[in-house]
Amino acid sequence: MTSELSPEKILGLGLGFWNSKALLSAVELGLFTVLAGGPADAQTLRARLGLHERSALDFFDALVALGMLERDNGLYRNTAEADLFLDRAKPSYVGQILEMSNLRLFASWNRLTEALRTGKAQSESAGDKDFFGALYADPDRLRSFLTAMSGISAGPAQAIAAKFPWKDYKSFADVGVAQGMVPATVARAHPHLTGGGFDLPQVKSIFEDFIAQNGLSDRLRFYPGDFFADDLPKVDVIVMGHILHDWNLEQKRILLAKAYDALPKGGALIVYEALIDDERKTNAFGLLMSLNMLIETPGGFDYTGADCQGWMREAGFSQTRVEHLLGPDSMVIAVK
Ligand SMILES: C[S@@+](CC[C@H](N)C(=O)[O-])C[C@H]1O[C@@H](n2cnc3c(N)ncnc32)[C@H](O)[C@@H]1O
């Protein structure tokens, strides 16, 4: 029996940070952006990236073995996926979230054991009750965080645009909108919709730039505000993506009550996250996201679709349902 068991999975998981950091450093160095310009041999690539000769070849070949690069006749090129999603010059770039992970989360996760022992956040703004105020005090961190959000919401945004019955509604607002990936994607797909994004006032210019780049400034506007202090926009549909998981249970309930108050009868609330499966056994990404909220926030945690539907019904919503979006992400829809 014992001889059939292998430590391979355990070691692969335990040393998985090697894989992760090799990719994060490649993104930091802009390796995929350089190769998007055309294939290069090791010497040229090393010179373009400013790498020491000792380990450059191992680094490039590790990325080949990890499926991020291809090598033929000594020339390295991006895989199709890396070229589409990791070239900074393309609008499909999703590397912002990887840049933020490299810059902030990698170091903070090194203190996971401490976080588990104390229940206290470990990121650079740990201890600050005003997590976002502290994070946004530095303009570079503000931009880096908001663009990183576009990386994780680009996929779900397309699924939300495709799967929600938008034709039944006229207006919508994404609450906690960040750069605006969800409203831009939804508005592009559904030209009859108007609305915009609600977020802290510091986010305004970053949102407006992004919406202008997408040619949507005539239909999407910015609503500045603090969602704990101010009313939410009066629209037919409110979207909250990766919002509730930032906050403790009491705050989650306040936000759901605010959405309920702002919506008309028949209006809808869409909450989307990497929802944990109801059995809490299979969506590892959702469960690890919840640990990321431990690392990052004073009281945030992720939750199951059943949890969320329960809170929505307590807030007064009459119909609720869960729909899978893609990968680890699902949405919970509630109708007033
Ligand atoms: C985790 S991000 C989610 C961004 C986006 N919805 C997404 O899924 O990509 C949380 C967002 O909530 C916003 N936020 C945090 N506190 C807020 C507050 N008190 N009022 C309004 N927005 C707030 C942040 O600025 C940030 O854009």
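Predicted model only: the values in this text are computed from it and were never measured.

> It is not clear to me how the packing of aromatic side chains should be interpreted in this structure. Could you clarify?
Any aromatic ring pair is given by two values, namely how distant the centres are and how the planes are angled relative to each other. Under the criterion given, the structure shown has 16 aromatic pairs. With a centroid separation of 6.0 Å and 40° between ring planes, the pair formed by Phe 132 and Trp 247 is classed as tilted. A residue pair is termed long-range when its members are at least 10 positions apart, and Phe 132 in helix 9 (residues 131-136) and Trp 247 in the loop between strand 7 (237-241) and helix 13 (249-262) qualify at 115 residues. Overall, Trp 247 belongs to the buried group, its relative accessible area being 15%. Centre to centre, the rings of Phe 301 and Trp 311 are 6.4 Å apart; their planes meet at 85°, and the pair counts as edge-to-face. Residue Phe 301 is found in the loop between helix 14 (284-296) and helix 15 (305-315), and its partner Trp 311 is found in helix 15; the two are separated by 10 residues along the sequence.

> Explain the sheet that holds strand 3 (residues 75-78) here, please?
Consider a sheet: its strands pair through backbone hydrogen bonds, and that pairing is either parallel or antiparallel. The 3 strands are arranged 1-3-2 in an open sheet whose pairing can be described as antiparallel. Here the strands that pair on one side only, and so sit at the sheet edges, are strand 1 (40-41) and strand 2 (69-72). Bridge count for strand 1 against strand 3 is 2 bridges, and the pairing is antiparallel. Residue pairing across strands places Ala 40 opposite Tyr 76, the latter belonging to strand 3. Each of strand 2 and strand 3 touches helix 5 (residues 56-65); the most contacted strand, strand 2, lies at about 110° to it.

> I would appreciate a short explanation of the side chain of Thr 304 in the present structure.
One can find Thr 304 in the loop between helix 14 and helix 15. Exposure remark for Thr 304: the relative accessible area of 5% places this residue in the buried category. A polar side-chain atom of Thr 304 sits 2.9 Å from the main-chain amide nitrogen of Asp 307. Apart from residues lying up to four places away in sequence, Thr 304 is in contact with Leu 275, Ile 276, Asp 277, Asp 278 and Arg 280.

Criteria and cut-off values
- Residues numbered from 1 in each chain as written.
- Predicted model: local features only at pLDDT ≥ 70, side-chain atom pairs only at ≥ 80, totals over all residues.
- Heavy atoms only, no water.
- Phe/Tyr/Trp six-rings, centres within 6.5 Å; stacked < 30°, edge-to-face > 60°.
- Helix = DSSP H or I, 4+ residues; strand = E, 2+ residues; numbered from the N terminus.
- Buried < 20%, exposed > 50% of the residue type's maximum accessible area, 1.4 Å probe, protein only.
- Pairing = 2+ DSSP bridges.
- Contact = heavy atoms within 4.5 Å.
- Axes fitted to C-alpha atoms, helices over the stretch in contact; angles between N-to-C directions.
- Polar contact = N/O pair within 3.5 Å; in protein donor to acceptor, adjacent residues only side chain to side chain.

It is worth stressing that arrangement in space is one thing and function is another; only the former is reported here.
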